[in-house]
Amino acid sequence: MKNTNKLNINGKRLWSDLMELGRIGQQTTGGVTRTALSAADQQARQWLLEKMKAAGLIVNVDAAMNVIGTLEADEPQTEKIAAMGSHLDTVPSGGMFDGALGVVAALECARTLRENRVNLPWNLEIISFCDEEAAHHAGTVGSRAMMGLLQEGEIHHTKNKRTPTFAQNLEHWGRDPAQIDTARRRPEEFAFFLELHIEQGRRLEAENLRIGVVTAIVGIYRYIVSVPGEPAHAGTTPMSLRKDALVEAAPVFTLLPQWVRERNPEMVGTIGQVSLEPGASNVVPGECRFVGELRSQIAEDMQAVREQLKAYAAQREGWRVETIYEKNSVQLTAPLIDYIIDAAKSEGFPWTRMPSGAGHDAQSMAAFVPTGMIFVPCRNGVSHSPAELIEEDNATEGCQVLLRTLLQLSARGRESLCVSPAVPRHQ
Ligand code: HGY
Ligand code: MN
Ligand code: MN
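Residues numbered from 1 in each chain as written. Chains lettered and ligands numbered in written order. Predicted model: local features only at pLDDT ≥ 70, side-chain atom pairs only at ≥ 80, totals over all residues. Heavy atoms only, no water.

Undergrad: Kindly report on the overall build of the protein chain, identifying the contributing residues and their values.
TA: The secondary structure content of the protein chain amounts to 11 helices and 15 strands. Relative to the 2.2 N^0.38 estimate, which gives 22 Å for 427 residues, the radius of gyration of the protein chain is 22 Å and therefore close to what a compact globule would have. Judged by the C-alpha coordinates and their principal axes, the protein chain covers about 80 × 45 × 40 Å. Taken across its 427 residues, the protein chain has 58% of its residues classed as buried. (Helix = DSSP H or I, 4+ residues; strand = E, 2+ residues; numbered from the N terminus. Rg over C-alpha atoms; globule rule 2.2 N^0.38 Å. Buried < 20%, exposed > 50% of the residue type's maximum accessible area, 1.4 Å probe, protein only.)

Encoded structure:
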């Protein structure tokens, strides 16, 4: 491989792409809504495909609607594939950098390599995973489909009656849900997977650091709780005769955070979604369904609060607790962490090791593939909000470290990179 010590990505082009992509699904509120398999998400998928083709990549959209662009090596010295990427889907009224930065930066690395005729010893795959943000039911659908981690039938579940299932939306885009298993890849195909992402927390900014070297990704346990009531006329039904599902459910909205705080101040718990049936202002709620999630680097924390929630529900007639999923935290791959640190040092950016409090597609990949993650700071640590913001320099620096890590792995990593998957903690 030719000398690449001074190879730099094109930060202006990277930023221009991020701004262009950020306009897809932009809301008048300033946020971006590209929920998975929506028209805006599909528009972003098409945008990416065009950019990948213009960059000379071989493109493919797999059965889970992951987008994969391949920069083929002229003379590959191994069957193994280097992979980088993230996701383009967003939460409703989210930001324009969560996920997008990792996909566009990976594309920028591929363009830079091709323009400078740098020939890697392996094919490079740029991947944009589908439905990272749990638009239908569970999250990281595309990356879990690729790693064979989907639960039986999960693409036919939905978190509420107003949301189509992932399978229904696949059909909407002309895909056959029955084929989803063909998205599965053999983990041993991959030499490694790298993901660049905004930190979505305050630490890097607070400590004046520019690069986060991710050591572990938080565990997430997520449940749908259904609470029965009796639908009734809001005007003619006396208070004493009501069975109001929202009133029944309401104590849990404060109890769950209290259980979490009492268990471990480092742990978090959220009820971010509540739906009522029939959901009319003049009908006493006949059913309340809410999604509760617990996050901790320590599985026992989440198990303890899960048992409190299940015990509370078990004492109440008709309550149901459905597990969406229980993902334990994963440690990322030591040799890759060292390569990312070397890359940050050689680019001269102050860095730190740190865990991720957010979930990522890297978590799915890390189950079976050597995986590393790079963070850049975001303004006030805000994310999943129209106020999500990074500077152009953050994008450039993160992308430069991503490229440097890839180059160093390509130059000397093949032998030293022990192809041992990450060690999921507390499995
Ligand atoms: O929820 C998460 O942590 C991620 O942003 N999907
Ligand atoms: Mn997110
Ligand atoms: Mn993300």
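Undergrad: Got a sec to walk through the site of ligand 1? Specific residues and values, please.
TA: Every residue near ligand 1 is listed here: Glu132, Glu133, Gln200, Arg295, Ala358, Gly359 and His384. The contact in question runs from an oxygen atom of ligand 1 to an N or O atom on the side chain of arginine 295, over 2.6 Å. The contact in question runs from an oxygen atom of ligand 1 to an N or O atom on the side chain of histidine 384, over 3.0 Å. Coverage of ligand 1 by the protein amounts to 90% of the 210 Å² it exposes when considered alone. (Near = heavy atom within 4 Å. Polar contact = N/O pair within 3.5 Å; in protein donor to acceptor, adjacent residues only side chain to side chain. Areas by Shrake-Rupley, 256 points an atom, 1.4 Å probe, with all protein chains shown as cover.)

Undergrad: Provide a residue-level description of the coordination of the manganese ion (ligand 2), including the pertinent values.
TA: Summarising the metal site, the manganese ion (ligand 2) is bound by the protein donors Asp98 (OD), Glu133 (OE) and His384 (NE2), whose distances to it range over 2.0 to 2.1 Å. Ordering the donors of the manganese ion (ligand 2) by residue number gives the pattern D-x34-E-x250-H. Under the relative-accessibility criterion, aspartate 98 is labelled buried at 5%. Assessed through its relative accessible area of 41%, histidine 384 is described here as partly exposed. (Donors = N, O, S within 2.8 Å, 3.2 Å for Na, K, Ca; no water.)

Undergrad: Describe the pattern of salt bridges, listing the residues and the values that go with them.
TA: Evaluated as defined, the whole model comprises 25 salt bridges. Residue lysine 51 is joined to aspartate 17 by a salt bridge in which the shortest nitrogen-to-oxygen separation is 2.9 Å. Linking lysine 51 in helix α2 (residues 39-54) with aspartate 17 in helix α1 (residues 11-22), this pair joins segments that are 34 residues apart in sequence. With a relative accessible area of 2%, aspartate 17 lands in the buried category. Across the pair arginine 203 and glutamate 207 runs a salt bridge whose closest N-O atoms are separated by 3.1 Å. By relative accessible area, which is 31% here, arginine 203 ends up partly exposed. Look at the salt bridges and you will find they share partners, linking Arg13, Asp17, Glu20, Lys51, Glu108, Arg111 and Glu115 into a network. (Salt bridge = Lys/Arg side-chain N within 4 Å of Asp/Glu carboxyl O.)

Undergrad: Residues and numbers for the sheet that holds strand β11 (residues 287-296), please.
TA: With antiparallel pairing, 4 strands are arranged side by side in an open sheet as β9-β11-β7-β12. The open sheet has two free edges, formed respectively by β9 (268-277) and β12 (320-327), since each of these has just one partner strand. Here the strands of the sheet are splayed against their neighbours by 15 degrees on average, with no regard to which way each runs. As defined by bridge partners, strand β7 (residues 219-228) adjoins β11 across 10 bridges and the pair is classed as antiparallel. Across the sheet, the residue bridging to valine 227 is cysteine 288, located in β11. (Pairing = 2+ DSSP bridges. Axes fitted to C-alpha atoms, helices over the stretch in contact; angles between N-to-C directions.)

Undergrad: Which residues make up the environment of phenylalanine 129, and what are the values?
TA: For phenylalanine 129, the position within the fold is in strand β4 (residues 124-129). In this structure phenylalanine 129 comes out as buried when scored by relative accessible area, which is 2%. Phenylalanine 129 has contacts with Asn66, Ser86, His87, Leu88, Asp89, Gly142, Ser143, Met146, Phe193, Asp361 and Met365, leaving out every residue within four places of it along the chain. (Contact = heavy atoms within 4.5 Å.)

Undergrad: Let's hear about helix α7 (residues 245-263): which residues, and what values?
TA: Under the 1.5 Å per step criterion, the end-to-end length of α7 is 28 Å for 19 residues, consistent within 8% with the ideal 27 Å. At leucine 255, α7 is bent by approximately 30 degrees, the largest bend along its length, and proline proline 257 sits one to four residues beyond. Of all the residues in α7, the buried ones are Ala245, Ala249, Val252, Leu255, Leu256, Trp259 and Val260. Of the surrounding secondary structure, the elements contacted by the buried residues of α7 are β7, β9, β11 and α8 (299-314). Sitting at the head of α7, aspartate 244 places a side-chain oxygen 2.8 Å from the backbone nitrogen of leucine 246. (Expected span 1.5 Å × (residues − 1). Bend = angle between axes of the 7 residues up to and from the residue.)

Undergrad: Describe the packing of α2 against helix α3 (residues 100-115), with residues and values.
TA: For the pair α2 and α3, interaxial distance at closest approach is 10 Å and the crossing angle is 10 degrees. Classed by the angle they form, the pair α2 and α3 counts as roughly parallel. Here the hand of the crossing between α2 and α3 comes out left-handed. On the side of α2, the interface is formed by Trp47, Leu48, Lys51 and Met52, while α3 contributes Val103, Val104, Leu107 and Arg111. (Parallel < 35°, antiparallel > 145°, perpendicular 65-115°, else oblique. Left-handed = near helix turned anticlockwise from the far one by under 90°.)

Undergrad: Now, about the nonpolar core: what can you tell me, with residues and values included?
TA: Of all hydrophobic cores here, the largest spans 100 residues; its most connected members are Leu18, Leu113, Leu124, Phe190, Phe192 and Leu406. At 10 residues, the largest contribution of residues to this core is made by α3. In this structure, Ala249, Val260, Met267 and Met302 belong to the second largest nonpolar core, which totals 22 residues. (Core = buried A, V, L, I, M, F, W, Y, C linked by side-chain atoms within 4.5 Å.)

Undergrad: So what's going on with the domain arrangement of the protein chain? Residues and values would help.
TA: For the protein chain, the assigned domains are domain 1 (4-217 + 329-412) and domain 2 (220-327). A straight line from the C-alpha centre of domain 1 to that of domain 2 covers 33 Å. On the side of domain 2, 18 residues touch domain 1, which itself brings 22 residues to the contact. Here domain 1 and domain 2 share an interface that buries about 1,500 Å² over both sides, 40% of which is from carbon and sulfur atoms. Of all residues in domain 1, the largest losses of buried area upon contact with domain 2 belong to Lys159, Arg162 and Ser329, amounting jointly to 31% of the total for that side. For the pair domain 1 and domain 2, the interface holds 2 salt bridges. In this structure, lysine 161 and glutamate 287 form a salt bridge, with 3.3 Å as the shortest nitrogen-oxygen distance. Taken together, domain 1 and domain 2 are joined by 11 residue pairs in polar contact (both at pLDDT 80 or more). Put simply, the parts of the chain that give the side of domain 1 that touches domain 2 at least two residues each are β6 (211-217) and β14 (351-356). Across the side of domain 1 that touches domain 2, the residue classes tally to 6 nonpolar, 12 polar and 4 charged. (Domains from an automatic or database assignment. Buried area = accessible area lost by both parts, 1.4 Å probe. Nonpolar A, V, L, I, M, F, W, Y, C, P; charged D, E, K, R; others polar.)

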